[in-house]
Amino acid sequence: MNQIEKTLSIIKPDAIERNLSEDIKSIFLKNGFQILNEKKIKISKEEAEQFYLVHQSKPFYNELCNYLSSGPILVMILTKENAVSENRALMGATDPKDAKEGTIRKKYGLSIDKNSVHGSDSTENAVKEINFFFKD
Ligand code: CMP
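Residues numbered from 1 in each chain as written. Predicted model: local features only at pLDDT ≥ 70, side-chain atom pairs only at ≥ 80, totals over all residues. Heavy atoms only, no water.

### Looking at the nonpolar core
One recurring pattern in soluble globular proteins is that nonpolar side chains are buried together. One finds Ile11, Ile24, Phe28 and Ile104 to be the most contacted residues of the largest nonpolar core, which totals 17 residues. The residues contacting Ile104, other than those within four sequence positions of it, are Ile24, Ile27, Phe28, Leu90, Met91, Gly109 and Val117. By size, the runner-up hydrophobic cluster in this structure holds 16 residues, among which are Ala48, Ile73, Ile77 and Phe133. (Core = buried A, V, L, I, M, F, W, Y, C linked by side-chain atoms within 4.5 Å. Buried < 20%, exposed > 50% of the residue type's maximum accessible area, 1.4 Å probe, protein only. Contact = heavy atoms within 4.5 Å.)

### A word on the site of the ligand
Lining the immediate environment of the ligand, one finds Lys12, Tyr52, His55, Phe60, Leu64, Thr94, Arg105, Ile112, Asp113, Asn115 and His118. A distance of 2.6 Å separates an oxygen atom of the ligand from a polar atom in the side chain of Tyr52. In this structure, an oxygen atom belonging to the ligand sits 3.2 Å away from a side-chain N or O atom of Arg105. (Near = heavy atom within 4 Å. Polar contact = N/O pair within 3.5 Å; in protein donor to acceptor, adjacent residues only side chain to side chain.)

### What to know about the side chain of Ser69
Relative to the helices and strands, Ser69 is located in the loop between α4 (61-68) and β3 (73-81). Excluding residues within four positions of it along the chain, Ser69 makes contact with Lys42, Ile43, Ser44, Lys45 and Ala48. (Helix = DSSP H or I, 4+ residues; strand = E, 2+ residues; numbered from the N terminus.)

### Remarks on the pattern of salt bridges
What the rule picks out here adds up to six salt bridges. One salt bridge in this structure joins Arg18 and Asp14, with 2.6 Å as the shortest N-O distance. Here Asp14 falls in the buried class, since its relative accessible area comes to 2%. Two residues, Lys25 and Glu22, come together in a salt bridge whose shortest N-O distance is 3.3 Å. (Salt bridge = Lys/Arg side-chain N within 4 Å of Asp/Glu carboxyl O.)

### Considering the sheet that holds strand β4 (residues 117-119)
An order of β2-β3-β1-β4 is seen for the four strands of this open sheet, with the pairing classed as antiparallel. Both edges of this open sheet fall to β2 (34-41) and β4, since each of them pairs with a single strand only. Between one strand axis and the next, the sheet turns through 20° on average, direction left out of account. Two strands pair when backbone bridges link them, and strand β1 (residues 4-11) and β4 are joined in this way by three bridges, in the antiparallel orientation. Bridge pairing in β4 links Ile10 to His118. Against the sheet, helix α2 (residues 21-30) engages β1, β2, β3 and β4, with an angle of about 10° to β3. (Pairing = 2+ DSSP bridges. Axes fitted to C-alpha atoms, helices over the stretch in contact; angles between N-to-C directions.)

### Notes on unusual backbone geometry
Even without glycine at this site, Asn19 takes up a positive phi of about 60°. The exposure class assigned to Asn19 is exposed, which follows from its relative accessible area of 66%.

### A closer look at helix α5 (residues 83-91)
Every buried residue of α5 is accounted for by Ala83, Val84, Asn87, Leu90 and Met91. Seen end-on, α5 carries its buried residues on one side only, within an arc spanning 135°. As for α5, its buried residues are in contact with β1, α2, β3, α6 (104-108), β4 and α7 (123-133). Once α5 ends, the next one or two residues include Gly92, with phi positive near 90°. (Arc of directions from axis to C-beta.)

Given below as structure tokens:
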């Protein structure tokens, strides 16, 4: 069933560093997403560890948390019909070298770590991730 959903999107340090946030935001808007809220922040390693807790047992966890806390990020609440899956399709595969033409990671991703964007992977996680960054 098609439903209006919210999802969390993060523009990661590699993309902020290359001044790509306006380009990436315009891709979301062109694809029918609305940006309900956004803020540019820098998080601590401890906050990154909390955010990525589901990946705690993965060999890349430490590096992942170092990376997300290495520079400013832009966190956004996106909405549209089926926002979670639509955002994942628009981002493309986690590893930019596997991402399809026309996806954000294909266009801007540098590596599996520096893959420019994060998006919630389920509606349940979207609620958790939105609450993590936008509690007030
Ligand atoms: P993201 O969608 O933010 O979710 C977790 C991140 O871990 C992922 O994007 C990648 O940037 C990063 N990562 C690093 N190595 C791997 C890996 N081997 N498999 C999946 N994700 C990885």
